[in-house]
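Coordinates in review
Listed here are the chains, written in short residue letters.
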Amino acid sequence: MIPEEARKRLRRIFGKNYREDLPHLITHGSDATRIFFMPDAVAFAEEEAQVAETLKLANQFGFPVIPRGSGTGFSGGAVPVKGGLVLSLTKMRRLIIDQENMVAVTEPGVITEELQREAEKRGLFYPPDPASLKNSTIGGNLAENAGGPRCLKYGVTKNYVLGLRVVLPTGEVIELGRGLQKNVAGYDLLGLFVGSEGTLGVITKAWLRLIPKPQVQRSMRADFSSVSDASRAATAVLTSGILPSALEFVDQKSLQAVGEYLKIEIEAGASLIIQVDGDEGSVKNQIEKLQRIISGFSPLKMVVAEAPEDEEQVWKLRRSISPAINRLKPIKVNEDIVVPRSLIPEAVDFIYSLGEKYGLLVVVFGHMGDGNLHVNFMIEEDQREETEKAVEELFSWIIENGGAISGEHGIGITKAKFLRAQLGDEAYLLMKKIKNLLDPNGILNPGKLF
Ligand SMILES: Cc1cc2nc3c(=O)[nH]c(=O)nc-3n(C[C@H](O)[C@H](O)[C@H](O)COP(=O)(O)OP(=O)(O)OC[C@H]3O[C@@H](n4cnc5c(N)ncnc54)[C@H](O)[C@@H]3O)c2cc1C
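Residues numbered from 1 in each chain as written. Predicted model: local features only at pLDDT ≥ 70, side-chain atom pairs only at ≥ 80, totals over all residues.

Moving on: helix 14 (residues 384–400). Three- or four-residue spacings in an α-helix give side chains the same orientation, since the helix completes a turn every 3.6 residues. The terminal C-alpha atoms of helix 14 lie 24 Å apart, and with 17 residues this matches the ideal 24 Å at 1.5 Å per residue to within 8%. Within helix 14, burial applies to Ala-390, Val-391, Leu-394, Phe-395 and Ile-398. Mapping the buried residues of helix 14 onto a view down its axis gives an arc of 135 degrees, with all of them on the same face. Counted as exposed and oriented over 90 degrees from the buried face of helix 14: Glu-385 and Glu-400. (Helix = DSSP H or I, 4+ residues; strand = E, 2+ residues; numbered from the N terminus. Expected span 1.5 Å × (residues − 1). Buried ≥ 20, exposed ≤ 12 C-beta atoms within 10 Å, placed from the backbone. Arc of directions from axis to C-beta.)

Okay, structure coming up:
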C-alpha cells in the first residue's frame, strides 16, 4: 500500500499523470502473460527527475515501484505482484538520430519500430527485431535484452548499447558510456543493467549503435518431411560460410495452424524460413548457394522470394504463427528455451513426448539459427497443473543438457523458481547480493527473478 502522505507527494510530482482510477489500474496490472495483480496507482513519467524523486519517495515510505513500457513482456516483469506504483515510461519519447556518428539517442518510451524507421530514413539500421516491435518500447527491450530473427547475424539488444542513463533504486542518477563506439573505463556496468528486468534501475536514456542498412534482403522457405532433416539442413547452411540474417524454424503443428488461419495448403513436417542480406550480387549468390545446399536434404518444396511481394508472403507465414496458434486453445503458456543447435531434433522430440505424457497440445517454432525455440503449451483452464509439471520437466531437461530456460523473454515471475537451478548457487547468490546492494529496501520491482 502507498501511504496517504506519499500519494499526496506523488500527485505533486506527476500532476494529471498520476492516476488511481480503476481503468488505469486494471490496464496496468498485467502484461502479455495475462497474469494480473492490482497496482495501487499508476504514474506516467515525462522527465528523469520525476523518476528520481519517485524512487527516493518509495524508499522513504517503503512502497514498490514497477517500471513499465508497453506491457508486452512474456515473463510477468511489469506485473505489480506486490501492488505499489506502476511507473510507466511510455511518455518519455524523445529520439535523436545522430547520423554522422551513427548513434540513436533515445528515451525509454520510444517504440522499437519507430526507432528502426527513423534510422532507416537516413540509410541506417537498428537490427534487434522482437516480433512485438510495433508495440514494445526501447526501455522494455533494454530491460529484457530483447532478441528476434535478425539477431542470428546481428546480435541482440545488448550488442547495440553504447551508453545508458539509469536512475538507481535509491534515486541517484548514473550515466554510463554515452555514445562512444569504444570505452573500457571501469567495470562493464552497461552489461549489468541491460537485461536486469527493471530490478536494478530505471533506464531513462540510451545511446544505441546504428549500422549501415543492408541494400537488399531476400528470403526463402524450405519444407521438409521431418524436424531432423530441417535441422541438418540448417547446420549445413550455417557451416557453409553463409551467415543468414534470419533462420527460423516452424514445426508441423504451427504449419497446420497457419495453413488453416491463412487458408493455404502446407504439407510438411517442418519448415525453415531463411533470409540473407547484402548487395544485389551477394544476395543472388547466397540464395543460389542456399538452394544447392538445401537440395541435399530432400526438401519437399523450396520457395524463393523473387519480388518484394513474395518476400512479404514468406514472412506473413512466420508472423501469422502467434495469431494462428492463439485460436487453438484459450490459454497459451509460452516458454523460450535455448539448446545447442545440434540438440534441436532431440529437444523437439522430448517436447512432443511431454505433450503426449501430460495430454497437452504443444506447438514449437522459433529461431533455429541460435537454438532458441518457442515452446507453446496450448491449454484449457483445467490443464494448468499438468502444464506446470510439463514445464518443470522441460526445464530440468534443458538445464541438464546445457541449455537455457530463457533466450529472450526473461525470468520475471514465471521462471523465477527455476533461476537458481539454472545458475548454480554461487552465481545465484551473487546476483542476489548485487540486487540487495543496489536496492537495500527492496522497493524496485520486488518479487521478480528471485
Ligand atoms: C506477440 C509478442 C511477440 C514477442 N516477440 C518477442 C521477440 O521476438 N523477441 C523478444 O525478445 N521478445 C518478444 N516478446 C516479448 C516482449 O515484447 C519483449 O520482452 C519487450 O522487450 C518488452 O517491451 P515492453 O516495452 O512491452 O516492456 P514491458 O513488458 O512493459 O516490461 C518488460 C520488463 O522491462 C522492465 N522495464 C520496462 N521499461 C523499463 C525501463 N525504462 N527501465 C527499466 N526497466 C524497464 C519492466 O519492469 C519489465 O520487467 C514478444 C511479446 C509479444 C506479446
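As a further point, take the site of the ligand. Taken together, 36 residues lie around the ligand, and Gly-69, Gly-77, Gly-139, Gly-140 and Gly-198 are the ones closest in. The set of elements that each furnish at least two residues to the shell around the ligand consists of strand 3 (65–68), helix 5 (138–144) and strand 10 (202–209). It is helix 5 that provides the largest number of residues to the shell around the ligand, a total of 5 residues. Both domains that meet at the shell around the ligand, namely domain 1 (4–88) and domain 2 (95–212), each give it at least three residues. (Near = placed C-beta within 6 Å. Domains from an automatic or database assignment.)

Here we take up the packing of helix 1 (residues 4–14) against helix 3 (residues 48–61). Where helix 1 contacts helix 3, the two axes come as close as 10 Å, and the packing angle between them is 175 degrees. In terms of orientation, helix 1 and helix 3 fall into the roughly antiparallel class. Listed contacts from helix 3 to Ala-6, Arg-9, Leu-10, Ile-13 and Phe-14 of helix 1 are Gln-50, Glu-53, Thr-54, Leu-57 and Phe-61. Partitioning the contact of helix 1 with helix 3 into residue classes produces 6 nonpolar, 2 polar and 2 charged. (Axes fitted to C-alpha atoms, helices over the stretch in contact; angles between N-to-C directions. Parallel < 35°, antiparallel > 145°, perpendicular 65-115°, else oblique. Contact = placed C-beta atoms within 7 Å. Nonpolar A, V, L, I, M, F, W, Y, C, P; charged D, E, K, R; others polar.)

This part covers the domain arrangement of the protein. Assigned domains of the protein: these are domain 1 (4–88), domain 2 (95–212), domain 3 (216–322) and domain 4 (329–410). For domain 1 versus domain 4, the distance between C-alpha centres works out to 32 Å.

Time to look at the sheet that holds strand 4 (residues 85–88). Spatial strand order, 1-2-4-3: 4 strands in an open sheet with mixed pairing. Two strands bound the open sheet, and with one partner strand each, they are strand 1 (18–19) and strand 3. Two elements, strand 2 (residues 41–44) and strand 4, share 4 bridges in a ladder whose sense is parallel. Following the sheet pairing, Val-42 is matched in strand 4 by Val-86. Strand contacts of helix 1: strand 1, strand 2 and strand 4, with the helix running at about 25 degrees to strand 2, the strand carrying the most contacts. (Pairing = 2+ DSSP bridges.)

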